[in-house]
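Descriptive analysis of the structure
So the chains spell out like this:
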Amino acid sequence: MLVLLGDSTAVGIGDLVPGGWRGFGPILSSAFEDNGYRNYAVSGARLADVRRTQLPQALRDRPSAAVVIAGVNDTLRSDFSVRQMHEDLDHICRELTDAGVSVVTVRFHDQGRVFKLPGRLRRVLKDRIDSYNRVIDVVVARHGVRCVDLHTLPGAYDLETWAVDRLHPSERGHRLLAHAFAAELRVLGHAVGEVSLECSGGRELTVWHHVAWLVVKGIPWLWRRGADLVPLLWSDAIPAEVPGPAGHAPAVRS
């Protein structure tokens with residue numbers, strides 16, 4: 001069985017089809033020959049939510065493989081903590097791998113290159129993403145988890161890879177994710193068929209969709225998140241040190 005844990009990307013937001021969101025999960029599961037598929041992801045979830053709620057549910061299914069995508073929502077909050085993110089991600093990956101589950105996760109891209117933000121805010125958020133990516137590197141090395149690097153994924157910064165909000169993958173973006181995850185699962189010994197990159201069934205976006213989203217959804221979203229995002233414009237705090245591969249000495253600082 002294949003399980004998905006994480007936030008709105010794992011939910012499938014950005015790939016709208018008749019009946020709701022699809023995303024990379026169903027696309028990947030259709031090529032995954034080990035029968036069964038469950039998606040426990042929740043839009044807006046943070047790593048702590050995955051650890052406390054989604055992980056126990058997934059483990060009860062006794063899956064053979066899991067895809068974990070979470071952490072971006074943590075980087076957008078005023079209580080951002082590198083150490084807490086490390087503890088949560090390490091716990092999630094340790095529990096899954098100890099149960100014999102093959103795990104694939106992601107390193108994140110520079111979101112400011114896709115979703116245009118004021119310069120100072122973009123730099124702070126990039127620093128946070130970079131810090132979290134170093135956490136991911138440590139946890140991946142410690143537990144033998146496979147990882148897809150979104151920054152180097154072909155087409156990662158192409159406009160057509162992103163949905164109208166530029167925060168979530170489009171159908172093409174979700175297919176690129178499914179294709180990359182399939183390759184990593186094969187490395188882990190799973191029988192996974194080919195994943196087509198040809199778009200089919202998703203909504204086609206136009207320039208009008210992008211403009212309308214910015215006015216109707218984008219600006220209100222930034223306004224609602226102001227309590228968390230605006231203080232970042234004056235933040236010079238250095239993220240906490242990331243534990244080293246053995247979980248002892250500090251490895252890096254931002």
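Residues numbered from 1 in each chain as written. Predicted model: local features only at pLDDT ≥ 70, side-chain atom pairs only at ≥ 80, totals over all residues. Heavy atoms only, no water.

Digging into the overall build of the chain
- Each helix and strand in the chain was counted, giving nine helices and nine strands.
- Counting all 254 residues of the chain, 50% fall into the buried class.
- In the chain, the proportion of contacts linking residues at least 24 apart, taken out of those at least 6 apart, comes to 78%.
- Accessible surface computed for the chain: about 12,000 Å², of which carbon and sulfur atoms make up 54%. (Helix = DSSP H or I, 4+ residues; strand = E, 2+ residues; numbered from the N terminus. Buried < 20%, exposed > 50% of the residue type's maximum accessible area, 1.4 Å probe, protein only. Contact = heavy atoms within 4.5 Å. Areas by Shrake-Rupley, 256 points an atom, 1.4 Å probe, with all protein chains shown as cover.)

Observations concerning helix H7 (residues 171-187)
- Its 17 residues place the ends of H7 25 Å apart at the C-alpha level, agreeing with the 24 Å of an ideal helix rising 1.5 Å per residue.
- For H7, every residue scored as buried is listed here: Glu171, Gly173, His174, Arg175, Leu176, Leu177, Ala178, Ala180, Phe181, Ala182, Glu184 and Leu185.
- Just downstream of H7, Gly189 is the residue with a positive phi angle, here 95°. (Expected span 1.5 Å × (residues − 1).)

Remarks on the confidence of the model for the chain
- Mean pLDDT for the chain: 84, with 78% of residues reaching 70 or above.
- Contacts for the low-pLDDT stretch residues 247-254, under 50 throughout, to residues beyond four places or in other chains number 20 contacts. (pLDDT = per-residue confidence, 0-100.)

Observations concerning unusual backbone geometry
- The phi dihedral of Arg62 falls on the positive side, at around 50°, and the residue is not glycine.
- Examined against the element boundaries, Arg62 turns out to sit in the loop between helix H3 (47-60) and strand E5 (65-69).
- Residue classification places Arg62 among the exposed residues on the basis of a relative accessible area of 74%.

A few points about the packing of aromatic side chains
- By the definition in use, this model includes two aromatic pairs.
- Where Phe108 meets Tyr132, the ring centres are 5.9 Å apart and the plane angle is 25°; that geometry is what we call stacked. Residue Phe108 is found in the loop between strand E6 (102-107) and helix H6 (119-143), and its partner Tyr132 is found in helix H6; the two are separated by 24 residues along the sequence.
- The exposure class of Phe108 is buried, given its relative accessible area of 6%. (Phe/Tyr/Trp six-rings, centres within 6.5 Å; stacked < 30°, edge-to-face > 60°.)

Some points on the pattern of salt bridges
- Per the counting criterion, the structure on display carries 14 salt bridges.
- Of the charged contacts in the structure, one is a salt bridge between Arg51 and Asp88, with a shortest N-O distance of 3.0 Å. With Arg51 in helix H3 and Asp88 in helix H5 (residues 82-98), this pair connects stretches of sequence that are 37 residues apart.
- Taking relative accessible area as the criterion, Arg51 reaches 28% and is therefore assigned partly exposed.
- By relative accessible area, which is 3% here, Asp88 ends up buried.
- Between Arg107 and Asp137 there is a salt bridge whose closest N-O contact spans 2.7 Å. One end of the pair, Arg107, is in strand E6; the other, Asp137, is in helix H6, with 30 residues separating them in the sequence.
- Where salt bridges share partners, they join Asp15, Arg22, Glu171 and Arg175 into one cluster. (Salt bridge = Lys/Arg side-chain N within 4 Å of Asp/Glu carboxyl O.)

Overview of the sheet that holds strand E1 (residues 2-6)
- With respect to topology, five strands assemble into an open sheet ordered E4-E1-E5-E6-E7, the strand pairing being parallel. Both edges of this open sheet fall to strand E4 (37-39) and strand E7 (146-149), since each of them pairs with a single strand only. Averaged over all pairs of adjacent strands, the angle between their axes in this sheet comes to 20°, without regard to strand direction.
- Where E6 and E7 come together, four bridges link them in parallel fashion. Across the sheet, the residue bridging to Arg107 is Asp149, located in E7.
- Across the sheet, H6 lies against E6 and E7, angled at about 160° from E6, the strand it touches most. (Pairing = 2+ DSSP bridges. Axes fitted to C-alpha atoms, helices over the stretch in contact; angles between N-to-C directions.)

Considering the nonpolar core
- Core analysis: the biggest nonpolar cluster contains 59 residues, and Phe24, Leu28, Leu96, Phe108 and Phe181 have the highest contact counts within it.
- The set of elements that each furnish at least two residues to this core consists of E1, helix H2 (24-29), H3, E5, H5, E6, H6 and H7.
- If one sorts the elements of this core by residue count, H6 sits on top with eight residues.
- When near neighbours in sequence (up to four residues on either side) are disregarded, Phe181 contacts Phe24, Leu28, Val67, Ile69, Val104, Thr105, Val106 and Val148. (Core = buried A, V, L, I, M, F, W, Y, C linked by side-chain atoms within 4.5 Å.)

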